[in-house]
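# Structure assessment
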Number of protein chains: 2
Amino acid sequence: MSSPDFIDALQALGFTGQEAALYRALLEHGELSGYEAAKETGISRSNAYHALASLVEKGFASRVEGEATRYAALSLEDVGRLVRSRQEMSIKNALAAAPQVKQGGTPFLSVSGRAAVLERMRLLCQGAEDRLYLALDATDLEDIRDDLAEATARGIRVTVLCNRAWELDGALVHVRRKARGPVRVIADGRKVLTGELDQARGECVFSENPHLVNLIKDSLTHEIQIVQARATERN
Amino acid sequence: MSSPDFIDALQALGFTGQEAALYRALLEHGELSGYEAAKETGISRSNAYHALASLVEKGFASRVEGEATRYAALSLEDVGRLVRSRQEMSIKNALAAAPQVKQGGTPFLSVSGRAAVLERMRLLCQGAEDRLYLALDATDLEDIRDDLAEATARGIRVTVLCNRAWELDGALVHVRRKARGPVRVIADGRKVLTGELDQARGECVFSENPHLVNLIKDSLTHEIQIVQARATERN
DNA sequence: AGAGCGTAGTACTGTATAATACCACTATGT
DNA sequence: ACATAGTGGTATTATACAGTACTACGCTCT
């Protein structure tokens, strides 16, 4: 794996580009002075001193006690803990300070793009309290395997209708003949995601509208019954 | 709790100021058109449309299917799930792409400021694998109660030396006579944090240096023995 | 003279925000 | 029929700020 990905990942965690480069240098060398860090990364000393001070302020590095000021990185594991804790605090604060939320509407929400559709599926898995039904292709299921595994581990009953024998511990998998069909995901009998999804694009609708939920539920139930009837004929 | 804190918390989760204001308006109203959202928040329509598009791209809002474009907020619970997942992915990526880390050094790291000291304590709690010893004042212990509770819940043995009868399920608490003393925290017999901490400031050193670890360990052990001896005399 | 240590300052770029202008359509009042 | 207000939406410019690039200066030590 190349260096840029490490820098990208750190930037996603709140580092600026130069902070990330300096942090990486500190990881690799154990501890460095500002002058050494600037030389090692090619960042001008002026910016290096500023970015190191910022790393210390953010808690991602510490000053090493000694004569000349040297710096050491916080371990990456601890950086992970730190950003997780801070984010939990922010989420907690947001929930505590949330305004009165208007309830009741069940609009049809547009979910466009493969990434957005998969992300919405993950949210359905993570938010599920009782049951999950999914009619998806195996390649799409693979992309949310971890989230489904976590759901089954939480005791969520997961039923899958798939185009081939896909396997997940704790999940009930039906294999249908049709090669491909629309996405249909139902969570807890209340939330539904449906539409088109392939490797390059996604165009789905998410809703808690009871009519749409019932429509998709009937569609799925019907298709699962066909699969079960066919399996019975074979036995 | 006033509105600014909600906006601050959202900004910490990746919203810009205007995105946060618009998101809040969408939460309060269920769904809004761009024009309505601009009016509701006082943001110019040009910026409002741009920020709403950005909210959709970030996954924090969706377009409502219908004639005129209307928008609805992702629930705050789901926003929490989303940012957690993304952060987990970034942490995972960073760990996977991490450079070779230089091992072995055990420098004395400076930890300045009350917030930074408490944060380092929390990291020690979260990272503990076996034991935690803490000599702290009760008011400081209160600030890390949640992290200590999580540690005991994970089976970490927590021993506290405190200036009054502080209580935490699963922790062993000794009460000393001295009103206040230096901070001394030892994790797993390997990591130590020590120094001064009061309500307005903190000035500590963190290290994995075996000499310092042993020094603080002896100091704590000695003081706990005195407390235990005194308790025995009283009985 | 060169390396190491550190700070101050300027300039450029990108982003967020503030603001204005323009265009089109619909509804309403006169 | 016309003017006005409201709604929907985009384009553009300007400003402030943070991040980054860069230069200059001063000091100490070898």
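For clarity, every value in this text was computed on a predicted model and none was experimentally measured.

The next point concerns the sheet that holds strand E5 (residues 131–135) of chain B. Here we have 10 strands laid out as an open sheet, ordered E1(A)-E3(A)-E2(A)-E4(B)-E10(B)-E9(B)-E8(B)-E5(B)-E6(B)-E7(B), and mixed in their pairing. The open sheet is flanked by strand E1 (31–33) of chain A together with strand E7 (171–175) of chain B, the only strands paired with a single partner. In this sheet, adjacent strand axes meet at a mean angle of 25° when their direction is disregarded. Bridging between strand E9 (residues 191–197) of chain B and strand E10 (residues 202–207) of chain B involves six bridges; their strand directions are antiparallel. When the sheet's bridge partners are listed, B:Thr194 is paired in E10(B) with B:Val205.

Moving on, we come to the protein's contact with DNA strand C. The environment of DNA strand C is formed by 14 residues, the closest being A:Ser33, A:Arg45, B:Gln18, B:Ser46 and B:Asn47. Within 4 Å of the protein, the contacting atoms of DNA strand C are drawn from sugar and phosphate to the extent of 55%. A:Lys39 places a side-chain nitrogen or oxygen 2.9 Å from a phosphate oxygen of DNA strand C. Between a phosphate oxygen of DNA strand C and a side-chain N or O atom of A:Thr69, the distance comes to 3.2 Å. Broken down by secondary-structure element, the contributors of at least two residues to the surface near DNA strand C are helix H3 (34–41) and helix H4 (45–58) of chain A together with helix H2 (17–29) and helix H4 (45–58) of chain B.

Before going further, it helps to spend a moment on the domain arrangement of chain A. The domain architecture assigned to chain A consists of domain 1 (3–94) and domain 2 (109–234). Between the C-alpha centres of domain 1 of chain A and domain 2 of chain A the distance comes to 42 Å.

Positionally, B:Ser62 belongs in strand E2 (residues 61–64). With residues up to four places along the chain from it excluded, the contact list for B:Ser62 reads A:Leu109, A:Ser110, A:Arg120, B:Val56, B:Arg70, B:Tyr71 and B:Ala72.

Turning to unusual backbone geometry, a few remarks are in order. Residues and elements named next belong to chain A. Its identity is not glycine, yet Asp188 carries a phi of approximately 55°, on the positive side. Summarising the element assignment, Asp188 is placed in the loop between strand E8 (183–187) and strand E9 (191–197). The buried category is assigned to Asp188, whose relative accessible area is 18%.

Bringing the pairing of strand E2 (residues 61–64) of chain A into the picture now. As paired elements, E2(A) and strand E3 (residues 70–73) of chain A share four bridges and run antiparallel to each other. Residue A:Ala61 lies in a different strand from E3(A), and its bridge partner there is A:Ala73.

On to the relation of the copies chain A and chain B, then. Each copy of the chain is related to the other by a rotation around an axis and a translation along that axis. For the match of chain A to chain B, the screw axis carries a shift of 0.0 Å, the RMSD comes to 0.1 Å, and the turn is 180°. Interpreted geometrically, this transformation is the action of a two-fold axis. Relative to the rotation axis, the C-alpha of A:Arg84 is the closest in chain A, positioned 3.9 Å from it. Interface overlap between copies is the fraction of interface residues in one copy that are interface residues in the other; for chain A against chain B it reaches 98%, indicating a shared surface.

Glancing now at H3(A). Residues and elements named next belong to chain A. Taken together, the buried positions of H3 are occupied by Gly34, Ala37 and Ala38. In a view along the axis of H3, the buried residues occupy a sector of 100°, so they form one face of it. In the segment just after H3, Gly42 is the residue with positive phi, at about 80°.

A few words now on the interface of chain A and chain B. At the junction of the two partners, chain A supplies 53 residues and chain B supplies 53 residues. Roughly 4600 Å² is buried in total at the junction of chain A and chain B, and carbon and sulfur atoms are behind 62% of that figure. Looking only at chain A, the three residues that lose the most surface to chain B are A:Gln87, A:Pro99 and A:Leu123, adding up to 11% of its buried area. At the junction of chain A and chain B, the tally comes to four salt bridges. Taken together, the connections running from chain A to chain B amount to 19 residue pairs in polar contact (both at pLDDT 80 or more). The set of elements that each furnish at least two residues to the side of chain A that touches chain B consists of helix H1 (3–12), helix H2 (17–29), E2, helix H5 (76–97), strand E4 (109–112) and helix H6 (114–127) of chain A. Here the side of chain A that touches chain B gets 19 residues from one element, more than from any other, and that element is H5(A). Taken together, the residues that form the side of chain A that touches chain B break down as 25 nonpolar, 12 polar and 16 charged. In the sheet, E2(A) pairs with strand E4 (residues 109–112) of chain B via two bridges, with the strands oriented antiparallel. Bridge pairing in E4(B) links A:Val64 to B:Leu109.

Around DNA strand D, 14 residues are found, and the nearest of them are A:Gln18, A:Asn47, B:Tyr35, B:Arg45 and B:Ser46. Sugar and phosphate atoms represent 54% of those atoms of DNA strand D found within 4 Å of the protein. The contact in question runs from a phosphate oxygen of DNA strand D to an N or O atom on the side chain of A:Thr16, over 2.9 Å. Within the side chain of A:Gln18, a nitrogen or oxygen atom sits 2.4 Å from a phosphate oxygen of DNA strand D. Elements represented by at least two residues in the surface near DNA strand D include exactly H2 and H4 of chain A together with helix H3 (34–41) and H4 of chain B. Grouping the constituent residues of the surface near DNA strand D by class yields two nonpolar, nine polar and three charged.

In this section: the packing of aromatic side chains. All names here are of chain A. Counted by the stated rule, this structure contains four aromatic pairs over all chains. With a centroid separation of 5.2 Å and an interplanar angle of 65°, the aromatic rings of Phe15 and Tyr23 are classed as edge-to-face. Overall, the relative accessible area of 4% leaves Phe15 in the buried class. Between Phe15 and Phe60, the ring centres sit 4.2 Å apart and the planes meet at 10°, which makes this aromatic pair stacked. Pair noted here: Phe15 is in the loop between H1 and H2 and Phe60 is in the loop between H4 and E2, with a separation of 45 residues, a long-range link.

What counts and how
- For every chain, the first residue of its written sequence is number 1, and the numbers climb from 1 along that sequence.
- Labels are handed out in written order, letters beginning with A for the chains and numbers beginning with 1 for the ligands.
- Reporting of local features is limited, given that this is a predicted model, to residues whose pLDDT is at least 70; pairs of side-chain atoms are given and counted only at 80 or more, and all residues count toward the totals for whole chains, interfaces and linings.
- For side-chain calculations, the full set of non-hydrogen atoms in the structure is used, while hydrogens and water are omitted.
- Note: two strands are recorded as paired if DSSP finds a minimum of 2 bridges between them.
- Each helix is a run of H or I in the DSSP string that is no shorter than four residues. Each strand is a run of E no shorter than two, and both are numbered from the N terminus.
- Every axis corresponds to a line fitted to the C-alpha atoms, with the helix fit spanning only the stretch in contact, and the corresponding angles, defined between N-to-C directions, vary from 0 to 180 degrees.
- We define proximity as follows: a residue is near a molecule or strand when any one of its heavy atoms falls within 4 Å of that partner.
- Pairs of N or O atoms within 3.5 Å make up the polar contacts considered here, provided that, within protein, one atom can donate a hydrogen while the other can accept it, and that residues adjacent in sequence are counted only when both atoms are side-chain atoms.
- As annotated, the domain borders come from an automatic or database domain assignment.
- In what follows, residue pairs with any heavy atoms lying within 4.5 Å of each other are defined as contacts.
- Any residue under 20% of the maximum accessible area for its type is buried, any over 50% is exposed, and the rest in between are partly exposed; the area is computed with a 1.4 Å probe on protein chains only.
- Least-squares fitting of one copy onto the other uses the C-alpha atoms of those residues that reach a pLDDT of at least 70 in both copies.
- Our arc is simply the arc of the directions from the helix axis toward the C-beta atoms.
- Once two parts are put together, the accessible area they lose, assessed with a 1.4 Å probe and summed over both, is termed the buried area.
- By salt bridge we mean one thing: a side-chain nitrogen of Lys or Arg within 4 Å of a carboxyl oxygen of Asp or Glu.
- Note that Gly is not counted as nonpolar here; it falls among the polar residues with everything else outside the nonpolar set of Ala, Val, Leu, Ile, Met, Phe, Trp, Tyr, Cys and Pro and the charged set of Asp, Glu, Lys and Arg.
- Only rings of Phe, Tyr and Trp enter the pairing, Trp through its six-membered ring, and a pair is recorded when the two centres are within 6.5 Å. The plane angle decides the type: under 30 degrees is stacked, over 60 is edge-to-face, the rest tilted.

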